[in-house]
Amino acid sequence: MATKPGILTEWPWAHLRKFKYLLLAPFVGHSIYSFIMSKDESQRDISYIFILPYLLSRMIHNQIWTSLSRYRTAKGNNRILDKSIEFDQVDRESNWDDQIILNGLVFYIAYLKFQQTHHLPLWRTDGIIITALMHIGPVEFLYYWLHRAFHHHFLYSRYHSHHHSSIVTEPITSVIHPFAEIVAYLTLFLIPATTTLFTGTASIASLGVYTTYIDFMNYMGHCNFELIPKWMFSMFPPLKYLMYTPTFHSLHHTQFRTNYSLFVPMYDYLYGTVDTSLDTLYEKSLERKAELPDVVHLTHLTTPESIYHLRLGFASLASKPHASKWYILLMWPVTLWSFFITWIYGQTFVVERNLFRNLKLQTWAILKYRKQYFMQGQRDTINNLIEEAIVEADQKGIKVLSLGLLNQEEQLNNNGELYIRKNPQLKVKVVDGSSLVVAVVLNSIPKGTSQVVLRGRLSKVSCSIALVLCQRGIQVIMLDEEEYKRLKAKVTPEAATNLVKSKTYLSKIWLVDDGLSEDEQLKAPKGTLYIPFSQFPPRKARKNCFYFHTPAMITPKHLENVDSCENWLPRRVMSAWRIAGILHALEGWNEHECGDMMLDIEKAWKASLDHGFRPLKMTSAA
């Protein structure tokens, strides 16, 4: 919101939230009905039915640019600004689709009101030429002065400051304005359209191509990376007066009083408002290489819908904990396609970058879903992908690589030991994070607890938890005979006295993995607290019980560029496996933590607190 909201700052349908799309429903229904039910072929108007796919194409266009921009800025090559994007910016820009709805309403109403919009030809060259001339002339000229007016303190504080709240821009930033400001811009952009309509030179191409051009240039200019090659300006020097670059507009968001032009910088050159540092920053951005992080966290896709929750997916979904949304079901063709693509093609790519004081962090994701990790035919491929990522990190001089989710599965690679054996010369430290995970789980158990139920597959983590609890005099109840025998053989005789085999379900503290069944949950007493020790949360089956988060901690404020959630965890909460890699680099620990290797649990816990990480409170459960 602007610092001093003026008249018509708020969008008229803001209170409708996700139901705002219903505003278009009558028009969409009427256009489809008219096209299908018309008995006379000549009455079917492609201009009318074309509006809906045009609006959908604008949404897809927006998403392509957003994903590309986030991917490129995470890698770092050609990045313009190093400043961060946080959750407040994502929330502020969540209404990016309002301008598409407004555009749709204008198109539909114009069609119903003006006969000139009916039965437009697909192409008219004269209409294309008129549109181009009208844009370079009246539109760009009027926009330049309107934009300068919006930077006057009176209008800036009431309207334009909302847009400039985003210092580091994303493609989505380009359409984030108060309602009155968007109406003013739309009025300008309608000049070429109305001119061609009332001169009889309009076509579907002139209208569609022009609005696509506006979107393309808008999104490109708000990317935080430079992509316009220098040779284009060398081959045709006047181009610098006719086409701006991402650097050109990025300077406007940092300097505020320069580079006012829309897409054609000619007017800034004419009126002396071009930023003097433009050429230097442009060349510096073009020469910038991909960033080399100190720590990499290696993760993978989870559910098929998780592609939309990635930071490279839908920004609004990525900024919230992973949860199923009904409208994602409409995307099932894309979801199904992605599953088949990942089946035959695997790749590791950068999804996020962060800064922890002076420590550079990146998250890499393997293009494989959770289900594929349990498929025998995919295991060799996945192991190769993980190994390739480790070797690549080693060759780049990265200090630490932490294994997240199933990348450290015991049956897959024995908590990463497989890669250390195959590559004994590795300098990068491979971390499975087990010691911190154990510490987080132990510190999640309420004080005064005398007994717990341990339910789940025995693993490096669960065995370590059981051993520490037994040593502390806390009874560990096992419900499965075979698991009880296996665990008893792994602990000392003194500790084994606190290991109990029982078929009763009286304890209200359960330490569980994601395999906890609904039947087992129903047998637990009312008010039971389930504390997961696995990478994935158990499926919730009780409303009268409490479910704690998977092992995680709250991140300190000095962790920068945090604008997405890690899977199902809340905002600014990070999994213990990921934190472990950061601590490994911060503390300068010079050994791997994988296979059977465990660091000192108390040392790992103290290091996490010393560096500002904080435990989650019980209020975060349920």
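Everything quoted here is computed from the prediction, not taken from an experiment.

K.L.:
Would you explain the overall build of the protein in this entry?
P.N.:
Summing up its helical and strand segments, the protein has 28 helices and 15 strands in all. Reported as C-alpha extents along the three principal axes, the dimensions of the protein are approximately 95 × 60 × 50 Å. In the protein, the proportion of contacts linking residues at least 24 apart, taken out of those at least 6 apart, comes to 71%. As displayed, the protein has an accessible area near 28,400 Å², and 61% of this comes from carbon and sulfur atoms. Between the centroid of the 65 positive side chains of the protein and the centroid of its 55 negative side chains there is a distance of 4 Å.

K.L.:
Looking at this structure, I do not really get the sheet that holds strand 7 (residues 475-478). What am I missing?
P.N.:
Sheet strands associate in pairs through backbone hydrogen bonding, adopting either a parallel or an antiparallel arrangement. Ordered by their spatial adjacency, 6 strands build an open sheet running 8-7-6-9-10-11, and the pairing between neighbours is parallel. Looking at which strands have only one partner, the edges of the open sheet turn out to be strand 8 (499-501) and strand 11 (546-547). Where strand 10 (residues 529-532) lies against strand 11, 2 bridges are found, and the strand directions are parallel. Bridged to Tyr530 within strand 11 is Tyr547.

K.L.:
I tried to follow the UniProt feature "domain: Fatty acid hydroxylase" (unreviewed entry) in the protein on my own but got confused; where do I start?
P.N.:
As annotated by UniProt and renumbered to match this structure, "domain: Fatty acid hydroxylase" (unreviewed entry) occupies residues 136-273. Counted over residues 136-273, helix gives 65% and strand 0%. Its end C-alpha atoms are 18 Å apart.

K.L.:
Sorry if this is basic, but what is going on with the nonpolar core here?
P.N.:
The nonpolar side chains of soluble globular proteins are, as a tendency, buried together. Judged by nonpolar contacts, the single largest core of 90 residues is most densely connected at Ile386, Ile465, Leu469, Val476, Leu487 and Leu511. Residue assignment places this core across two domains, with domain 2 (295-435 + 563-615) and domain 3 (449-554) each supplying three or more. By size, the runner-up hydrophobic cluster in this structure holds 54 residues, among which are Trp11, Leu24, Phe150 and Tyr244.

K.L.:
Hey, could you run me through the domain arrangement of the protein in this one?
P.N.:
It is common to give the size of an interface as the accessible area that goes away when the parts come together. Under the domain assignment used here, the protein contains domain 1 (14-232), domain 2 (295-435 + 563-615) and domain 3 (449-554). The C-alpha centroid of domain 2 is placed 37 Å from the C-alpha centroid of domain 1. Of the residues lining the interface, 17 residues belong to domain 1; the matching set on domain 2 comes to 17 residues. Between domain 1 and domain 2 the total buried area reaches about 1,600 Å² when both faces are included, carbon and sulfur atoms providing 54% of it. Contact with domain 2 buries surface across domain 1, with Arg70, Ala74 and Phe87 losing the most and accounting together for 41% of the total. Linking domain 1 to domain 2 there are 3 salt bridges. A salt bridge links Arg70 to Asp563, with the shortest nitrogen-to-oxygen separation between them at 3.8 Å. Across the contact surface, domain 1 and domain 2 share 6 residue pairs in polar contact (both at pLDDT 80 or more). Listing elements by their share of the side of domain 1 that touches domain 2, those giving two or more residues are helix 3 (51-75) and helix 4 (87-92). Of the residues forming the side of domain 1 that touches domain 2, the biggest block, 7 residues, is contributed by helix 3.

K.L.:
What is the right way to look at helix 7 (residues 153-164) in this model?
P.N.:
Here helix 7 spans only 13 Å end to end across 12 residues, well under the 16 Å set by a 1.5 Å rise per residue. Taken together, the buried positions of helix 7 are occupied by Ser157, Tyr159, His160, Ser161, His162, His163 and His164. Contacts made by the buried residues of helix 7 are with helix 4, helix 6 (125-150), helix 8 (179-198) and helix 12 (246-255).

K.L.:
Sorry, what's going on with the UniProt feature "domain: Very-long-chain aldehyde decarbonylase CER1-like C-terminal" (unreviewed entry) in the protein here?
P.N.:
Taking the UniProt record as the reference, the feature "domain: Very-long-chain aldehyde decarbonylase CER1-like C-terminal" (unreviewed entry) is found at residues 452-615. Segment residues 452-615 splits into 33% helix and 19% strand. End C-alpha atoms: 20 Å apart.

K.L.:
Sorry if this is basic, but what is going on with the pairing of strand 4 (residues 400-403) here?
P.N.:
A regular strand places its side chains so that they alternate between the two faces of the sheet. Here strand 4 shows a buried face lined by Val400 and Ser402 and a second buried face lined by Leu401 and Leu403. Note that strand 1 (residues 295-300) and strand 4 share 4 bridges and pair parallel. Directly across from Val296, in strand 4, lies its bridge partner Leu401. The pairing of strand 4 with strand 5 (residues 429-431) spans 3 bridges and is classified as parallel.

K.L.:
Even after reading the chapter, I still don't get unusual backbone geometry, so can you show me in this structure?
P.N.:
The phi dihedral of Leu405 is positive, around 50°, even though this residue is not glycine. Inspection of the secondary structure puts Leu405 in the loop between strand 4 and helix 20 (410-413). Residue Leu405 is classed as buried on the basis of its relative accessible area, which comes to 8%. Positive phi, normally seen in glycine, also occurs at Arg572, with a value near 55°. Looking at where Arg572 falls in the secondary structure, it is placed in the loop between strand 13 (559-560) and strand 14 (573-575). Judged by relative accessible area, which is 22%, Arg572 ranks as partly exposed.

K.L.:
What is the right way to look at the pattern of salt bridges in this model?
P.N.:
Here the idea is simple: oppositely charged side chains can pair when their charged atoms come close. Inspection of the entire model under this criterion finds 26 salt bridges. We note a salt bridge from Lys230 to Glu283, for which the minimum N-O separation is 3.2 Å. In this pair, Lys230 is assigned in helix 10 (residues 230-235) and Glu283 in helix 14 (residues 278-287), connecting sequence segments 53 residues apart. A relative accessible area of 42% means that Lys230 is categorised as partly exposed. The class of Glu283 is partly exposed, set by a relative accessible area of 32%. Where Lys460 meets Asp432, a salt bridge forms, and the shortest distance between an N and an O atom there is 2.7 Å. Of this pair, Lys460 sits in helix 23 (residues 460-471) while Asp432 sits in the loop between strand 5 and helix 22 (434-444); the two residues are 28 residues apart in sequence, bridging distant segments of the chain. For Lys460, a relative accessible area of 10% gives the class buried. Connected through salt bridges with shared partners, the residues Arg70, Glu170, Arg311 and Asp563 form a single ionic network.

K.L.:
Looking at this model, I keep getting lost on the pairing of strand 2 (residues 348-356). Mind explaining?
P.N.:
In terms of residue burial, strand 2 counts as a mostly covered element, since 8 of its 9 residues are buried. As paired strands, strand 2 and strand 3 (residues 359-366) are joined by 8 bridges and run antiparallel to one another. Note on strand 3: the bridge partner recorded for Phe349 is Ala365. Connecting strand 2 to the next strand, strand 3, in antiparallel fashion are 2 residues, including Arg357 with a positive phi near 55°. Of the pairings in the sheet, the one linking strand 2 to strand 13 comprises 2 bridges and is antiparallel in character. Of the residues in strand 13, the one forming a bridge with Phe356 is Leu559.

Conventions used here
Residues numbered from 1 in each chain as written. Predicted model: local features only at pLDDT ≥ 70, side-chain atom pairs only at ≥ 80, totals over all residues. Heavy atoms only, no water. Helix = DSSP H or I, 4+ residues; strand = E, 2+ residues; numbered from the N terminus. Contact = heavy atoms within 4.5 Å. Areas by Shrake-Rupley, 256 points an atom, 1.4 Å probe, with all protein chains shown as cover. Lys, Arg positive; Asp, Glu negative; His and termini not counted. Charge placed at Lys NZ, Arg CZ, Asp CG, Glu CD. Pairing = 2+ DSSP bridges. UniProt positions renumbered as here; feature names shortened; annotations may be inferred. Core = buried A, V, L, I, M, F, W, Y, C linked by side-chain atoms within 4.5 Å. Buried < 20%, exposed > 50% of the residue type's maximum accessible area, 1.4 Å probe, protein only. Domains from an automatic or database assignment. Buried area = accessible area lost by both parts, 1.4 Å probe. Salt bridge = Lys/Arg side-chain N within 4 Å of Asp/Glu carboxyl O. Polar contact = N/O pair within 3.5 Å; in protein donor to acceptor, adjacent residues only side chain to side chain. Expected span 1.5 Å × (residues − 1).

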